[in-house]
Amino acid sequence: LHWSATAPSLPPMPTVNASLADVGVTPSMLADCADLDEEWAAIKRAYFKKVLKTHPDKGGDPAVFRKTQSAFESLRSLYDGASPGFYFASCGDQTAGAAAASVGGPAMDTPSWEFYAEAAAEAVPLYRVERAKSGRSLCKAQGSARHCGAEECIAKDELRVGWLDSESGSYGGWVHLKCWRVPNRVWLGLPDPARISDIAAFTRALLSMGGVLLSGLAALKPDEMRQLARFCSNSANWARRVQLKPLSHTLTSRPACTSPPSAGTAGRSAGGAGAAASASGAVVPSSSSSSLSASRKFVIPRPGKDGPANSLAGKTVVLSGIFPEVGGGTGLSLGKDKVTAMIQAFGGRVTSAISGKTDVLLVGKEPGYAKVSQAQGRGVCLISLEDARQALLGGSLEPVCRLRRTTPVHIEDFSAGWRGNGLA
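Residues numbered from 1 in each chain as written. Predicted model: local features only at pLDDT ≥ 70, side-chain atom pairs only at ≥ 80, totals over all residues. Heavy atoms only, no water.

## A word on the pattern of salt bridges
The final tally for this structure, using the stated rule, is 10 salt bridges. Salt-bridge contacts for E398 lead to K315; the nearest nitrogen and oxygen are separated by 3.7 Å. With E398 in helix 13 (residues 398–406) and K315 in the loop between helix 9 (222–232) and strand 7 (316–320), the pair connects residues that are 83 residues apart, well separated along the chain. Overall, the relative accessible area of 35% leaves E398 in the partly exposed class. Here K315 falls in the partly exposed class, since its relative accessible area comes to 25%. One salt-bridge network, held together by shared partners, links R128, E130 and R160. (Salt bridge = Lys/Arg side-chain N within 4 Å of Asp/Glu carboxyl O. Helix = DSSP H or I, 4+ residues; strand = E, 2+ residues; numbered from the N terminus. Buried < 20%, exposed > 50% of the residue type's maximum accessible area, 1.4 Å probe, protein only.)

Take a look at the structure:
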């Protein structure tokens, strides 16, 4: 059975704790979560485990399944609209009534068991739908899927769809919406077009995939969401059914290089002793000289609670490297979104390139050699992630930067770049 339709009755004004319990989350599951994204990942794991067990296609209790589905939608609405500092674990008594109401309507549809099994395999949404940010990206559709001219660009603000590159950790391969072949992981969760033609039903089904299979839906306007739903309601736009292998999202930093640096690259690794005397956070051979040791598990500070709000107002920060101790993202983007959000939450500005306005370069594991060199050349202070945390707790970057001008941050290895194209 591809699709069945059910009509749940939502519980009146459920609390967050009640919704968490309905999806199978216990307080201990969230106790060690460092931030909201980790909580959400734990909630999704519990949710998929329960819906796969209680799905009617497998003989599960339909009432329990519907209650689990409704609770998850309530929690999803809270997650999508969460303000800085929101945690599920600390808001258990808050009512989820507004969230539950947002997923109400004529009926909630029940995708097949196969849809949930496929979706459960992925920790990060595989596809992203968004308005094109410029008119410069080429449509990458090929073969019979292409419904545009050769070498045709996607116009600015036109809907485009991309897929997650697990190596770079970002979305790419952008195509026009009209050129997209809807993957079976998506269409398995849609109504059967042969029996259901209501676009609202397809819209609800797509929205239920937000943060699970599809990214970017929350930013779409109502008419854009309807446009997406109309396109997906046409089975002629569906890709054929294939068995897909889940991507690996637990990427770690690459092992350190075993070969010693050449004489001409002494400043590119921890073995470069000559770089230790450089100002503004040059590379040093050992981290034992630092009074700010990195913690094993990084806890993101919260403005107004762990440190003064707006303590980074007027400061410009550039990131380089990966931040596996923070988590979130994949490949060369590992942890960067969370670190960026942390800086912005305290009033700071994050840019992608070193300039005369850059105040600090926040260095993760395996930073880019070019950015580190540019920062040193401009006298920009290099700080570690733990340095940033201490600065946020104390309300100022100045003490950390003073320390780093005399005790430079330690860098073990530089990034090999995407597919080994780095300068180091």
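This is not the end of the story, as more comes after the structure.
## Brief notes about the packing of aromatic side chains
For the structure shown, the criterion picks out 11 aromatic pairs. With centroids separated by 5.2 Å and ring planes inclined at 80°, the aromatic side chains of F86 and F88 adopt a geometry described as edge-to-face. Judged by its relative accessible area of 10%, F86 is buried. With a centroid separation of 5.0 Å and an interplanar angle of 5°, the aromatic rings of W187 and W238 are classed as stacked. Taken as a pair, W187 in helix 7 (residues 184–187) and W238 in the loop between helix 9 and strand 7 lie far apart in primary sequence, 51 residues in all. Each of the two residues, W187 as well as W238, counts as buried. Feature note: the residues W40, Y47, F48, F65, F72, Y79, F86, F88, F115 and Y116 constitute an aromatic cluster, connected by ring pairs. Here the guanidinium or amino end of K58 rests over the ring plane of W113, the centre of that ring lying 4.5 Å away. Cation over ring: R160 sits above W174, and NZ or CZ is 3.9 Å from the ring centre. (Phe/Tyr/Trp six-rings, centres within 6.5 Å; stacked < 30°, edge-to-face > 60°. Lys NZ or Arg CZ within 6 Å of the ring centre and 35° of its normal.)

## Considering the sheet that holds strand 7
The 4 strands lie next to each other as 8-7-9-10, forming an open sheet whose pairing is parallel. The sheet is open, and its two edges are formed by strand 8 (349–351) and strand 10 (381–384), each paired on a single side. Neighbour-to-neighbour, the strand axes of the sheet open up by a mean angle of 35°, direction not taken into account. With 3 bridges connecting them, strand 7 and strand 8 associate as parallel partners. What sits directly across from V318, in strand 8, is T351. Packed on one face of the sheet, helix 10 (residues 336–345) meets strand 7, strand 8 and strand 9 (360–363) and runs near 165° to strand 7. Here helix 13 sits on the sheet and contacts strand 9 and strand 10; the angle it forms with strand 10, its principal contact strand, is near 105°. (Pairing = 2+ DSSP bridges. Axes fitted to C-alpha atoms, helices over the stretch in contact; angles between N-to-C directions. Contact = heavy atoms within 4.5 Å.)

## A look at the sheet that holds strand 6 (residues 214–215)
Taken in spatial order, the 4 strands line up as 5-4-3-6 in an open sheet, and their pairing is mixed. Across the chains shown, the open sheet's two edge strands, defined by having one partner strand only, are strand 5 (170–176) and strand 6.

## What to know about unusual backbone geometry
Here E151, not a glycine, exhibits a phi torsion of approximately 60°, which is positive. What makes E151 exposed here is its relative accessible area of 61%. Phi at N310 takes a positive value of approximately 60°, unusual for a residue other than glycine. Assignment of secondary structure puts N310 in the loop between helix 9 and strand 7. Residue N310 is classed as exposed on the basis of its relative accessible area, which comes to 53%.

## What to know about the packing of helix 8 (residues 199–207) against helix 9
Where helix 8 contacts helix 9, the two axes come as close as 9 Å, and the packing angle between them is 100°. As far as their axial angle goes, helix 9 and helix 8 are roughly perpendicular. For the pair formed by helix 8 and helix 9, the contact residues are I199, F202, T203, L206 and L207 on the first element and M225, R226, L228, A229, R230 and C232 on the second. Partitioned by chemical class, the residues of the contact of helix 8 with helix 9 number 8 nonpolar, 1 polar and 2 charged. (Parallel < 35°, antiparallel > 145°, perpendicular 65-115°, else oblique. Nonpolar A, V, L, I, M, F, W, Y, C, P; charged D, E, K, R; others polar.)

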